[in-house]
Amino acid sequence: MSKKTSRRQFLAHTGAGLGGLALSTMLPGGGIMQAVAASALVDPLAPKDPHFAAKAKAVIWLHQNGAPSTLDLFDYKPELQRLNGQEVPESFLKGIKTSTQGGVGKLLATNRTWKQYGQSGAWFSDWVPNIAQHADDIAFVKSSVTVGATHNISILKMNTSGLNPGRPSLGAWTTYALGSTNPDLPAYVVLYNGKQEPEGGGVNWSSGFLPAVYQGTAFRQGDSPILYLKPPALVSKAEQRDTLDLVRNLNDRFASKYPDDTELQARSRSYELAYRMQSSAPEAVDLSKETAATKEAYGLNDAATKDYGTNLLRARRLVERGVRFVHVVSGPPDEDIRNWDAHHDIEKNHTKNAKMVDKPIGALLADLKQRGLLESTLVVWISEFGRTPYGQSGDGRDHNPYGYTTWLAGGGVKAGTTVGATDDIGLKAASNPVDTYDVQATILQLLGLDYKKVTYLYNGRSERPTTVFGDVVKDLIA
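Remember, predicted model here, so these are calculated numbers, not experimental data.

Chemist: In this structure, what is going on with the overall build of the protein chain? I would like to understand it.
Modeler: The number of helices and strands found in the protein chain is 13 helices and 17 strands. Across the protein chain, contacts joining residues at least 24 apart in sequence account for 77% of those joining residues at least 6 apart. In the form shown here, the protein chain has an accessible surface area of approximately 19600 Å², with 51% of it arising from carbon and sulfur atoms.

Chemist: I would appreciate a short explanation of the pattern of salt bridges in the present structure.
Modeler: When the charged atoms of two side chains lie near each other, side chains of opposite charge can form a pair. In total, this model carries 22 salt bridges according to the counting rule given. Between Lys77 and Asp75 there is a salt bridge whose closest N-O contact spans 3.8 Å. Assessed through its relative accessible area of 12%, Lys77 is described here as buried. Between Glu463 and Arg167 there is a salt bridge whose closest N-O contact spans 3.1 Å. Of this pair, Glu463 sits in strand 17 (residues 461-463) while Arg167 sits in the loop between helix 6 (151-160) and helix 7 (170-178), and the two are 296 residues apart along the sequence.

Chemist: Looking at this model, I keep getting lost on the pairing of strand 4 (residues 138-145). Mind explaining?
Modeler: Side chains on a regular strand alternate between the two faces of the sheet. The element strand 4 is largely enclosed, with a buried count of 8 among its 8 residues. Relative to strand 11 (residues 404-409), strand 4 runs antiparallel, the two sharing 5 bridges. The residue bridging Phe140 from the neighbouring strand is Trp407, located in strand 11. The pairing of strand 4 with strand 12 (residues 417-419) spans 3 bridges and is parallel. Pairing of Val141 across the sheet is with Val419, part of strand 12. Alignment of strand 4 against strand 15 (residues 434-435), held across 2 bridges, turns out to be parallel. By the bridge assignment, Ser144 is partnered in strand 15 with Val434.

Chemist: Looking at this structure, how should I read empty space enclosed by the protein?
Modeler: Rolled over the atoms, a probe as big as a water molecule pinpoints where empty space is left. Taken as a whole, this structure holds 2 cavities of 30 Å³ or more when the rule is applied. Taken as a whole, the largest cavity encloses approximately 40 Å³ of empty space. Looking at the lining of the largest cavity, the elements with two or more residues in it are helix 6 and strand 7 (325-329). For the lining of the largest cavity, a count of residues per class yields 4 nonpolar, 5 polar and 1 charged.

Chemist: What should I look at first to understand the nonpolar core in this one?
Modeler: Across soluble globular proteins, you tend to see nonpolar side chains buried next to one another. Residues Phe124, Ile361 and Trp407 are the most contacted members of the largest nonpolar core, which totals 49 residues. Looking at this core, the element that brings in the most residues is helix 12 (residues 346-370), giving 8 residues. If we ignore the near neighbours within four places in the chain, the residues touching Trp407 are Phe74, Ile131, Ile138, Ala139, Phe140, Ile361, Leu365, Val379, Val380 and Trp381. Residues Met158, Ala177, Tyr188 and Leu476 belong to the second largest nonpolar core, which totals 45 residues.

Chemist: So what exactly am I meant to see when it comes to the layout of surface pockets here?
Modeler: Empty space within the largest pocket amounts to approximately 500 Å³. Lining the largest pocket are 24 residues, and of these Asn193, Gly194, Lys195, Gly331 and Pro332 sit closest to its centre. The biggest single contributor to the lining of the largest pocket is helix 11 (residues 306-320), with 3 residues. Across the lining of the largest pocket, the residue classes break down as 9 nonpolar, 7 polar and 8 charged.

Chemist: Honestly, the side chain of Ser161 in this entry has me stumped. Any pointers?
Modeler: With respect to the helices and strands, the residue Ser161 is situated in the loop between helix 6 and helix 7. Residue classification places Ser161 among the buried positions, given a relative accessible area of 3%. Side-chain polar atoms of Ser161 contact the side chain of Gln440, separated by 3.3 Å. Not counting residues up to four positions away in its chain, the partners in contact with Ser161 are Leu156, Arg167, Tyr437, Gln440, Pro465, Thr466 and Thr467.

Chemist: What's the story with the confidence of the model for the protein chain in this structure? I'm lost.
Modeler: When pLDDT is low, close inspection of the predicted coordinates is not appropriate. On average, residues of the protein chain score 86 in pLDDT, and 80% of them reach the 70 mark or higher. Note that residues 1-41 has pLDDT below 50 and, in this model, 79 contacts with residues that lie over four places away or in other chains.

Chemist: Explain the side chain of Arg387 to me, please; I cannot follow it from the model alone.
Modeler: By secondary structure assignment, the location of Arg387 is in strand 9 (residues 386-387). Assessed through its relative accessible area of 2%, Arg387 is described here as buried. At 2.8 Å, the side chain of Arg387 and the side chain of Asp341 are in polar contact. Side chain to side chain, Arg387 and His343 meet in a polar contact 3.5 Å long.

Chemist: When you look at the environment of Gln119 in this model, what are you seeing that I'm missing?
Modeler: Note that Gln119 resides in the loop between strand 2 (114-117) and strand 3 (122-125). Sequence separation of Gln119 and Gly416 is 297 residues, and the distance between their C-alpha atoms is 7.7 Å.

Chemist: What is the right way to look at helix 6 in this model?
Modeler: Given 3.6 residues per turn, any residue in an α-helix points the same way as the ones three and four places further on. Among the 10 residues in helix 6, 8 count as buried, and that is most of the element. All buried positions along helix 6 are accounted for by His151, Ser154, Ile155, Leu156, Lys157, Met158, Asn159 and Thr160. Note on helix 6: the residue one or two positions beyond its end, Ser161, has a positive phi of about 65 degrees.

Chemist: Explain the packing of helix 6 against helix 13 (residues 436-446) to me, please; I cannot follow it from the model alone.
Modeler: Geometry of a packed helix pair, given as the angle between the helix axes and the separation of the axes. Interaxial distance between helix 6 and helix 13 falls to 8 Å at its minimum, and their mutual angle equals 25 degrees. Classified by the angle their axes make, helix 6 and helix 13 are roughly parallel. The hand of the helix 6/helix 13 crossing is right-handed. Where helix 6 approaches helix 13, its residues Lys157, Met158, Asn159 and Thr160 are matched on the opposing element by Thr436, Tyr437 and Gln440. By residue class, the composition of the contact of helix 6 with helix 13 is 2 nonpolar, 4 polar and 1 charged.

Chemist: Got a minute to help me understand the packing of aromatic side chains in this structure?
Modeler: Enumeration over the complete set of coordinates arrives at 18 aromatic pairs. Three or more aromatic residues joined by ring pairs make a cluster, and in this case those are Phe74, Tyr117, Phe124, Phe140, Trp381 and Trp407. Positioned over the ring face of Trp127 is Arg112, at 4.0 Å from the centre of the ring. Between the NZ or CZ atom of Lys142 and the centre of the ring of Phe140, over which it lies, the distance is 5.0 Å.

Conventions we followed
- Residues numbered from 1 in each chain as written.
- Predicted model: local features only at pLDDT ≥ 70, side-chain atom pairs only at ≥ 80, totals over all residues.
- Heavy atoms only, no water.
- Helix = DSSP H or I, 4+ residues; strand = E, 2+ residues; numbered from the N terminus.
- Contact = heavy atoms within 4.5 Å.
- Areas by Shrake-Rupley, 256 points an atom, 1.4 Å probe, with all protein chains shown as cover.
- Salt bridge = Lys/Arg side-chain N within 4 Å of Asp/Glu carboxyl O.
- Buried < 20%, exposed > 50% of the residue type's maximum accessible area, 1.4 Å probe, protein only.
- Pairing = 2+ DSSP bridges.
- 1 Å grid on protein atoms, 1.4 Å probe; cavity = no way out; pocket = protein on both sides within 12 Å on 5 of 7 lines; lining within 4 Å.
- Points joined across faces, edges and corners; volume = space filled by probe spheres on them.
- Nonpolar A, V, L, I, M, F, W, Y, C, P; charged D, E, K, R; others polar.
- Core = buried A, V, L, I, M, F, W, Y, C linked by side-chain atoms within 4.5 Å.
- Polar contact = N/O pair within 3.5 Å; in protein donor to acceptor, adjacent residues only side chain to side chain.
- pLDDT = per-residue confidence, 0-100.
- Axes fitted to C-alpha atoms, helices over the stretch in contact; angles between N-to-C directions.
- Parallel < 35°, antiparallel > 145°, perpendicular 65-115°, else oblique.
- Left-handed = near helix turned anticlockwise from the far one by under 90°.
- Phe/Tyr/Trp six-rings, centres within 6.5 Å; stacked < 30°, edge-to-face > 60°.
- Lys NZ or Arg CZ within 6 Å of the ring centre and 35° of its normal.

As structure tokens, then:
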């Protein structure tokens, strides 16, 4: 038996091994660290200077899973109302791959009531009255576009700029480029409600070919956000500390003999972070000290909003404590509806989904603003694609990658503005199309990073966050 093998067996049977297991999900293949220069692992999460003055210090990424119909939320189209029930005019279908949708149904008007809000006069439907109160804090992209109309592929592209698994997520690139400002918490945290992982799962917050330390850490609902974080009941604090010190000394000894074996450094860091998180992680998500008014504002007293509201209140607490990137995925509003994917009965689907997210998002924006955090926190409301102004079922809408709405708030965006527009029925971007590549490039710009200079050498090629695509949307930046 080799020394290396016996050493690993030793780790597996110590109290530190259980603590380290809490972060082993951050390492691909159950903990095998990808190769990277050993010098880079002295402290890979140490704070790093941006390329230029940053407008945002943190990002809260609100993925609306399943793709809501922004035609029924933010993109008011009187012409769609007028043409309700009619065939789609051929002039609107140029460039549309109708075969991927199984054909084109008749146009379906929205049943929503619409109003303009704020000095910006932005339109909002009655499904999102709480978000509407922040009209003048929001910068809309009404001309969002993407590639493909399959959830898993488009979600992957939205998060990683790749159409296949293996690329780092935007959160991973952010922590790679900027490091962490709180050594006691992960720099990149993922929150989702529901009993199962969202579609696509961990590949959407993966570090890809970057070192595994930059991968997102999923926090569960409840008081114990990370599995296996607590030490065994019979292991005292002193014993655990002594074990970790011994492990570190062993790691240091082996690392000096094998400087290119970065697994040793990465594993030591995971044990130490897990040890520190035994107190910091539960405290970060402990809402017991939040006021009754705050809990009410986030909807924690209503079953329809409790889980999503809990995640958004936790997101605020996490950015307050220096977490760089909080990735929040909207889960099912109840047992009957999985997400926003409303091919049938859009009224039932979107009524429940909108109720789940509207009040908590409105509360998040108000809370960040009241605490002086909105200026430095970028909130991004985004989906994998939009929905068509028609649907095969007659009471739902199909997938639409050709034109839909994304919005941003805080973190240096030009609030109260709108970039681009869809055509008169809300099917295609009619001006200033903005791809998910462009959104990612713009977010990095707001974080003080030149997206073309955030690079990583992989397989002899200098990779960057948006692959070879993307441009900063300057009209979104204050």
